[in-house]
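As a plain string of letters, each chain reads:
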Amino acid sequence: MSTGEAAATSEAHELGGRNKSSSPRQIPVVGVVTEDEAAQGVFKPMDLNRVIKLLDETDENDLEEKQLKSVKKLVQCYQNGLPLRDLAQIFKILNLCTGKIENHPHFVECACDILKLCSLPFLKKKVSDEITYAEDTANSVALLGDLMKIPSSDLRIQICYQQASSSYKIQMAEVGGLAKTMVQSLALLENQLVEKLWVLKALQHLSTSEVNCTSMMKAQAASGICAHLNDPDPSGQLLFRSSEVLWNLLEKSSKEEIIQQLSNLECLLALKEVFKNLFIRGFSNYDRQLRNDILVITTIIAQNPGAPMIESGFTQDLILFATFNEVKSQNPLVKGLKLTNSYEDFELKKLLFNIIVILCKDLSTLQLLVHGKVTLALFTYVKKPEKQKIIEWSAAQYEELQLHAIATLSSVAPLLIEEYMLNQGNARVLAFLEWCENEDPFLSQGNSFHGTGGRGNKFAQMRYSLRLLRAMVYLEEEIINKDLCEKGTIQQLIGIFKNTISKPNEKEESIVLEIQSDILLTLSGLCEHHIHRKEIFGTEGVDIILHVMKTDPKKLQSELGYNVLLFSTLDSIWCCVLGCYPSEDYFLEKEGIFLLLDLLALNQKKFCNLILGIMVEFCDNPKTTAHVNAWRGKKDQTAASLLIKLWRKEEKELGVKRDKYGKIIDTKKPLFTSFQEEQKVMPLPANCPTVAVMDVAENIRAKIYAVLGKLDFENLPGLSAEDFVTLCIIHRYLDFKIGEIWNEICEEIKLEKLRPVSTDTKNLEAITTASENIGKMVVSLQNEMIESQARQDIQNEQKVYTKIQATHKQRELANKSWENFLARTSNAKTLKKAKRLQEKAIESSRHSERPQNAVFHRTDIKGLNTTVSSGRVVTVESTPARIIGGPLADTDIALKKLPIRGGALQRVKAVKTMDEPKKSNLT
């Protein structure tokens, strides 16, 4: 059979298989025989043992003819399908037939006829046959792989056809290991293209199963198939089927193992040649799709640092293909080559950008990137779209490639600093940011992964440009940062941040938050360790920091990015404000310390460490103490109380031993955490920090001690007795920590079996004793405080009881007074008696001697039987001011009339009075 005929036959079989699988009526895996069918002779009786015995004989002269006749009779007998119960014997007959092919070629046709029966569903008479004969079926199917060793093209093609047309064979192959033997048979078919294509087709179907893919992986299928990708094949099926098998192996088996198998020079050279041919000479959509698939496989292999990408020359070619459209090249490979705006070429361009990011992780690739002018090629996209210029990409495609190129620059540019500066990277990025900020109309599509959140705006472009700028700034290369500052980057970034504040966009809030975070991180990188740049940051920069710090705390619980923004803000306080006294004073003036303490009071562990670090630095400013002491939180909580509360919470999480009052339990180890208790002391080199030293950096206790130390530990407002008990420990934190370290030194000396000299021994004992004594002293002070508080509590309790007692007594007197009143009003005798007592009391209160010539006025009225104070009392009711005008009635500013409407009194015109009538007129 010729190669063309083989390709045509293979394609015809494949099309037939596809049509069959797409049909709504599928052929059953195992056919069930009914009673009627059994009566009609589906299970025809045939002595298979007699056939086997006949095939084993070798003496008779006309034996071959009899053997062939018996096999043909068997095929005729089982023309409706092979029963599961007879499968083992039938495959034994098949094996005997194939064994005779070498000397008797006529048996090839018989073997093929038996194999054709395997394309029919296997038959079962009982439901349990599938389970009963499962092992025989798996062994029979596995035998097909061994038959591939027979040097017969027709037989091999018929075996492969069985694998390609039946899904049940795939299931049985998982048990019998058929996939592995099929892979091994490829080594026998290196120069036989037709059989190789059929085997690859079979493997393509077998590789849809994870179990089969694992077996193929163990047989080194990936490297064996990949190494022959570039073998001559006019039909093109070899490359297509091989790539499909490689894809399935990568997806359904151990990806790492497959990459390792493909990471050799032979495989990469084959991939390189195939990709190069498809790139230069492929014009159909099929060729372009296959080219892209090969590039994806190459990208996966390139992730392995051990893959010889450079040695194979593949890296150099990939860089050339990625940049030839933007940077003119004289290389004959790309001469006259041009990409179209078809979907396949567009995907190719993105894949090339992607593989550059992977290749640049290998530092030995950098020189090739420089030689290929990758940075310059990528920078051609960092500019505003030119309306008049005709480009090969559509607007949506160009936008996506632009974003992808900027994202690629974020990985490549930090590795190629010289190229970045030679191509004026800073100026290009800042100019592009300026375009992103202005109000020019721009209808972005925002369809791609990189364009998320950028539909109808320039947020996506701004987002990736700021990422690139942040990546360059955080290299801490002074030549880059100095150039940025000279170009006014600090002012420009602050302006962009203010614009995002003044024009909020709730729809794309997460993107805006990321932009703001990147701006603050970039500013932090520029201003850190440079006072002059902090001064440029100035009050405008402090204002944007304060704006973020005033964010509603509830938003910190959302997943939009407020936490990242707050971290960036705190970092910018550290890098852009601290150390610059004018900025610090302005921050304090705008109640920045209050905002920091408000954030600290939220009690979110992820922020506490950073906030306390900032507080420690801020406390170096003498104006800070007053602000810290003036702050009040919920329930009038003070800053000192908040810090002590955080200390107690931290010690609880660390498992520090304290009693119910918060006192020290172990005076030898007053600060020991549960981790330190579990961790055994080990001898370490002098340059390695011990557990006690690491503890200082791993929790916030040291920072709380530092802040309270700046507040002088005295006259701290708003502390309870419990706070004072904890404050005793905090005050001695440094002494306790020094004692811990000395204890570790003593333990290490014992472990290393060293014996110090007597003087050193005495000194060590004195130090440890002194540390323990400090602990005992603190415990004593804590006891005094607790006892004092207990006495104070008792006094307060007594005061409360005294107040309650006085209240009860007053209530009793009120009740008694009421009873006396009721008695006086209901009984006349009691009233008279009370009256007499009242008069007697009044009389006894008067002076017994009266002055001479004095007039005595009685104040009581005789004859009244009341005990209420009474007498000659004149009640004078004053004339209302609205009538007489008040005390200023006779003055010029008197108000002669009260306005009708409400409100303040107003001056009105005086009313003219009539003259008195003359007497002469009164007659």
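The rules behind these values
Residues numbered from 1 in each chain as written. Predicted model: local features only at pLDDT ≥ 70, side-chain atom pairs only at ≥ 80, totals over all residues. Heavy atoms only, no water. Helix = DSSP H or I, 4+ residues; strand = E, 2+ residues; numbered from the N terminus. Buried < 20%, exposed > 50% of the residue type's maximum accessible area, 1.4 Å probe, protein only. Contact = heavy atoms within 4.5 Å. Areas by Shrake-Rupley, 256 points an atom, 1.4 Å probe, with all protein chains shown as cover. Patch = residues over 30% accessible without salt bridge, like charges linked within 9 Å, V, L, I, M, F, W, Y side chains within 5 Å. Salt bridge = Lys/Arg side-chain N within 4 Å of Asp/Glu carboxyl O. Disulfide = S-S within 2.5 Å. Phe/Tyr/Trp six-rings, centres within 6.5 Å; stacked < 30°, edge-to-face > 60°. Lys NZ or Arg CZ within 6 Å of the ring centre and 35° of its normal. Lys, Arg positive; Asp, Glu negative; His and termini not counted. Core = buried A, V, L, I, M, F, W, Y, C linked by side-chain atoms within 4.5 Å. Axes fitted to C-alpha atoms, helices over the stretch in contact; angles between N-to-C directions. Parallel < 35°, antiparallel > 145°, perpendicular 65-115°, else oblique. Left-handed = near helix turned anticlockwise from the far one by under 90°. Nonpolar A, V, L, I, M, F, W, Y, C, P; charged D, E, K, R; others polar. Arc of directions from axis to C-beta. Charge placed at Lys NZ, Arg CZ, Asp CG, Glu CD. pLDDT = per-residue confidence, 0-100.

## A short note on the overall build of the protein chain
Phase 1: The helix and strand tally for the protein chain stands at 44 helices and two strands.
Phase 2: Looking at the protein chain residue by residue over its 923 residues, the buried ones come to 44%.
Phase 3: Relative to all contacts within the protein chain whose residues are 6 or more apart in sequence, the contacts with residues 24 or more apart total 75%.
Phase 4: As displayed, the protein chain offers around 51,800 Å² of accessible surface, 53% of which is attributable to carbon and sulfur atoms.

## Re the environment of Cys-213
Phase 1: Take Cys-213: it is sitting in helix α13 (residues 210-218).
Phase 2: In this structure, the C-alpha to C-alpha distance between Cys-213 and Ser-254, residues 41 residues apart in sequence, is 8.9 Å.
Phase 3: Once residues within four sequence positions are removed from consideration, Cys-213 is found in contact with Ser-207, Asn-248, Leu-249, Lys-252 and Ser-253.

## So, a nonpolar patch on the surface
Phase 1: A contiguous nonpolar surface patch, about 190 Å² in accessible area, is contributed by Val-693, Ile-741 and Ile-745.
Phase 2: The residue Val-693 is located in helix α38 (residues 691-698) in this model.

## Some words on unusual backbone geometry
Phase 1: Although it is not a glycine, Asp-636 sits at a positive phi angle of roughly 60 degrees.
Phase 2: In this structure, Asp-636 sits in the loop between α35 (624-630) and α36 (639-654).
Phase 3: Phi angles above zero are rare outside glycine, and Phe-713 is one such case at about 60 degrees.
Phase 4: As for its placement among the helices and strands, Phe-713 is situated in the loop between α39 (701-710) and α40 (721-731).

## Let's talk about the state of the cysteines
Phase 1: Considering all chains together, one arrives at zero disulfides under this definition.
Phase 2: The cysteine Cys-580 is free of any disulfide, with Cys-527 supplying the nearest cysteine sulfur at 9.4 Å.

## Some thoughts on the packing of aromatic side chains
Phase 1: Counted by the stated rule, this structure contains 17 aromatic pairs.
Phase 2: Arranged with centres 6.1 Å apart and planes meeting at 80 degrees, the rings of Phe-279 and Phe-324 form a pair that is edge-to-face. Here Phe-324 lies in the loop between α19 (314-323) and α20 (343-359) and Phe-279 lies in helix α17 (residues 265-281), a separation of 45 residues in the sequence. Here the two residues Phe-279 and Phe-324 agree in accessibility, since each one is buried.
Phase 3: One residue, Lys-458, lies across the ring of Trp-435, its end atom 4.5 Å from the ring centre.
Phase 4: Sitting above the plane of the Trp-647 ring, Arg-701 keeps its charged end 5.9 Å from the centroid.

## Here we look at the side chain of Lys-534
Phase 1: Checked against the element boundaries, Lys-534 lands in helix α30 (residues 531-549).
Phase 2: No salt bridge is formed by the buried Lys-534. Its closest oppositely charged neighbour is Glu-584, at 7.3 Å.
Phase 3: The residues contacting Lys-534, other than those within four sequence positions of it, are Cys-527, His-529, Cys-575, Cys-576, Leu-578, Gly-579, Cys-580 and Ser-583.

## Observations concerning the nonpolar core
Phase 1: Residues Leu-203, Ile-573, Phe-587, Leu-596, Phe-618 and Leu-708 are the most contacted members of the largest nonpolar core, which totals 227 residues.
Phase 2: For Phe-587, the contacting residues outside a window of four places in its chain are Val-542, Ile-545, Leu-546, Met-549, Ile-573, Val-577, Gly-592, Ile-593, Leu-596 and Phe-618.

## Some details on the packing of helix α18 (residues 285-302) against α20
Packed helices, taken two at a time, are described by the angle their axes make and the gap between the axes.
Phase 1: The interhelical angle for the contact between α18 and α20, taken along N-to-C directions, is 15 degrees, at an axis separation of 10 Å. As judged from the angle between their axes, α18 and α20 are roughly parallel. In terms of crossing hand, the pair formed by α18 and α20 is left-handed. Together, Asn-285, Arg-288, Gln-289, Arg-291, Asn-292, Leu-295, Val-296, Thr-298, Thr-299 and Ala-302 of α18 and Glu-344, Asp-345, Glu-347, Leu-348, Leu-351, Leu-352, Asn-354, Ile-355, Ile-358 and Leu-359 of α20 make up the contact between the two elements.
Phase 2: Partitioning the contact of α18 with α20 into residue classes produces nine nonpolar, six polar and five charged.

## Considerations on helix α16 (residues 255-262)
Phase 1: All buried positions along α16 are accounted for by Ile-258, Ile-259, Gln-261 and Leu-262. What you see down the axis of α16 is that its buried residues fit within an arc of 160 degrees, all on one side. Opposite its buried face, α16 presents the exposed residues Glu-256 and Gln-260, each directed more than 90 degrees away.
Phase 2: Buried residues along α16 sit in contact with α13, α14 (221-226), α15 (237-252), α17 and α18.

## Overview of the packing of α13 against α15
Phase 1: Contact pair α13 / α15: the axes reach a minimum separation of 9 Å and the direction vectors enclose 105 degrees. Accordingly, the angle class assigned to the pair α13 and α15 is roughly perpendicular. Across the interface between the two elements, Glu-210, Cys-213, Met-216 and Met-217 of α13 pack against Val-245, Asn-248, Leu-249 and Lys-252 of α15.
Phase 2: Here the contact of α13 with α15 is built from residues that sort into five nonpolar, one polar and two charged.

## A closer look at the pattern of salt bridges
When the charged atoms of two side chains with opposite charge come close together, those side chains can pair.
Phase 1: One pass over the structure, following the stated rule, counts 29 salt bridges.
Phase 2: Across the pair Asp-518 and Arg-470 runs a salt bridge, and its minimum N-O distance is 2.5 Å. A residue pair is termed long-range when its members are at least 10 positions apart, and Asp-518 in helix α29 (residues 509-527) and Arg-470 in helix α26 (residues 459-473) qualify at 48 residues.
Phase 3: Residue classification places Asp-518 among the buried residues on the basis of a relative accessible area of 3%.
Phase 4: Take Arg-470: its relative accessible area is 30%, and that puts it in the partly exposed class.
Phase 5: By sharing partners, the salt bridges in this structure join Glu-651, Arg-658, Asp-695, Arg-701, Lys-737 and Glu-740 into a single network.

## As for a positive patch on the surface
Phase 1: There is a patch of like positive charges on the surface, built from Lys-829, Lys-832, Lys-833 and Arg-836.
Phase 2: Among the residues examined, Arg-836 registers a relative accessible area of 53% and is labelled exposed.

## Side note on the confidence of the model for the protein chain
Phase 1: Averaged over every residue, the pLDDT of the protein chain is 84; residues scoring 70 or more account for 84%.
Phase 2: This model gives residues 1-30 a pLDDT under 50, and the stretch forms 36 contacts once residues within four places in sequence are excluded.
Phase 3: Here residues 37-42 is modelled with pLDDT under 50, and outside its nearest four sequence neighbours on either side it reaches five contacts, counting other chains as well.

## Some thoughts on helix α11 (residues 178-185)
Phase 1: Taking burial as the measure, the eight residues of α11 include six buried ones, the bulk of the element.
Phase 2: For α11, the full list of buried residues reads Leu-178, Ala-179, Thr-181, Met-182, Val-183 and Ser-185.

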